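Working through the structure, step by step
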Amino acid sequence: MKSNRTKIVATIGKHNDLKFIKQLYKAGAGIFRLNTAHQTPDETEQIILRIREVSEKAAILIDTKGPEIRTVDIPATLEVKEGEEIFIVPKGTEMSEPHFSVSYNHFCESMNRGTEILIDDGDMSLIVIDMNDDRLRCIANNSGKIQNKKSVNVPDIPIALPSLSKKDEEYIHFAAKIAVDFIAHSFVRNKEDLIAVQKILDKYNSPIRLIAKIENTEGIENINEILDHCHGVMIARGDLGIELPAEEVPLVQKRIIRKCIKRSKISITATQMLHSMIQNPRPTRAEVSDVANAVMDGTDALMLSGETAYGNYALEAVKTMSNIASASEIQRKNKDRRKNQLKFNPVRLQMIASAEETSRKLGAKAIIVQTDTGRSACILSSFRGKTPILALSPNPTVVRQLAMSYGVSPFLLKSQKTLDEMVHESVKTVLDAGIIGNSDMVVLVGSSPNRGSVTNFIEVGEASHFLGGRE
């Protein structure tokens, strides 16, 4: 059974034809990310249709822009020298001195003297030396260029931006109607940012799962309440590396992954994982180590951004990431067996823990879990065991969403009337797929038909034993 436990998210951008998507899927990308900042709904819909044509089991994740700030009103590149003064002014302001504006109207009044403002992922650093309500006088910390529509970050200064832009709201309505699987909301600061998205989804009774992108210090500080209101998080290390000292980012990454594992939440490690492969056919040694460390941390998924969105070696990047993950998983030690997941139903948790322990001690070939909602499979995944998890669900959305969970291979299985029928069809499905053989030892765990909220049975035996039901 050759299948990476750690999943791969590939961003689809400029390269988005059917053949390309099919190649990435076959190479190991099971989740496809669409960045709405660079697309229209019509463009997104066409890409979604192509992904669905490639596989009904491939998951689709779309990004929202979230409460971001960017430079505006810069008709030509501003060349700035170290020590030079430059003004940040309200949109539409005319003045003779070098100046620019930002997309947030109340930006200037939120700043303090001595505040550092970072432009374009930190390439340009400005310090506020004087201010009033309508303009900031700054001095450049370094020489560089300031261009239009570049990111603006202000570490340690909370900005009272609304969680959703108009475009975000339009995309969330669109996502609910077209039934994507995940929404990754950018720059999540607290639970209210997620609640704003969930309220829109609830109007459609949508099963879309929310992923919180952790990109600033507020998100880190409020990580516990954020995890209460989302399916998982994306550790967006690009913006985190601007908001935090660079040396703290790996520590934050490890801490968040551990929290997610403990609470059976998804963790996606993202940004510049194989960045050099945008232009080169092979990664740097440092990038290989970075991917390997994320795998050994226990992340559910690794994400490729520019590498697949517009890079010259997209297919090679997916294959490379898959190979690194495969090699690193072998070396990873299991330190994450849960005994303290107190928020879960204790009966369900004990049944799942018993299934994981039994599979490990008996050397089972697989754990077969029947799940209506995907919850049992997610909890089982959080044990980070080495036994493959084969999850069967009657819900196609759940099948796609489980494509993001560590160690889980999902299958669609229509609902059965009796427990015997369910056991028989579950084992037959994975046998027919060639995943296990008749003589292989398997552990079955799940819920009886019409008891989806209660994990209430566990059985062990050779696969062929279950083809007659539960005799």
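Analysis parameters
Residues numbered from 1 in each chain as written. Predicted model: local features only at pLDDT ≥ 70, side-chain atom pairs only at ≥ 80, totals over all residues. Heavy atoms only, no water. Salt bridge = Lys/Arg side-chain N within 4 Å of Asp/Glu carboxyl O. Buried < 20%, exposed > 50% of the residue type's maximum accessible area, 1.4 Å probe, protein only. Helix = DSSP H or I, 4+ residues; strand = E, 2+ residues; numbered from the N terminus. Core = buried A, V, L, I, M, F, W, Y, C linked by side-chain atoms within 4.5 Å. Contact = heavy atoms within 4.5 Å. Domains from an automatic or database assignment. Buried area = accessible area lost by both parts, 1.4 Å probe.

**Overview of the pattern of salt bridges**
Tallied over the full model, the rule gives 19 salt bridges. A salt bridge links Arg189 to Asp193, with the nearest nitrogen and oxygen atoms 3.0 Å apart. Across the pair, exposure class does not vary: Arg189 and Asp193 are buried alike. Across the salt bridge formed by Asp290 and Arg237, the nearest N and O atoms sit 2.8 Å from each other. A residue pair is termed long-range when its members are at least 10 positions apart, and Asp290 in helix 9 (residues 285-297) and Arg237 in helix 7 (residues 237-243) qualify at 53 residues. For Asp290, a relative accessible area of 22% puts it in the partly exposed group. Where salt bridges share partners, they join Arg52, Glu56, Asp181 and Arg400 into one cluster.

**Overview of the nonpolar core**
If you look at the biggest cluster of nonpolar residues, it comprises 64 residues, and the most contacted ones within it are Leu24, Phe32 and Val233. Not counting residues within four places of it along the chain, the set of residues in contact with Leu24 comprises Ala10, Ile12, Ala29, Phe32, Thr308, Ala314, Leu315 and Val318. Counting residues in hydrophobic clusters, the runner-up holds 26 residues, among them Val102, Tyr104, Ile117 and Met124.

**Section: the domain arrangement of the chain**
Segmentation of the chain into domains returns domain 1 (7-67 + 163-330), domain 2 (69-153) and domain 3 (346-467). Taken over C-alpha atoms, the centre of domain 1 sits 30 Å from the centre of domain 2. Contacts between the two partners involve four residues from domain 1, matched on the other side by five residues from domain 2. Buried surface at the junction of domain 1 and domain 2, both sides included, amounts to about 380 Å², of which 52% is carbon and sulfur.

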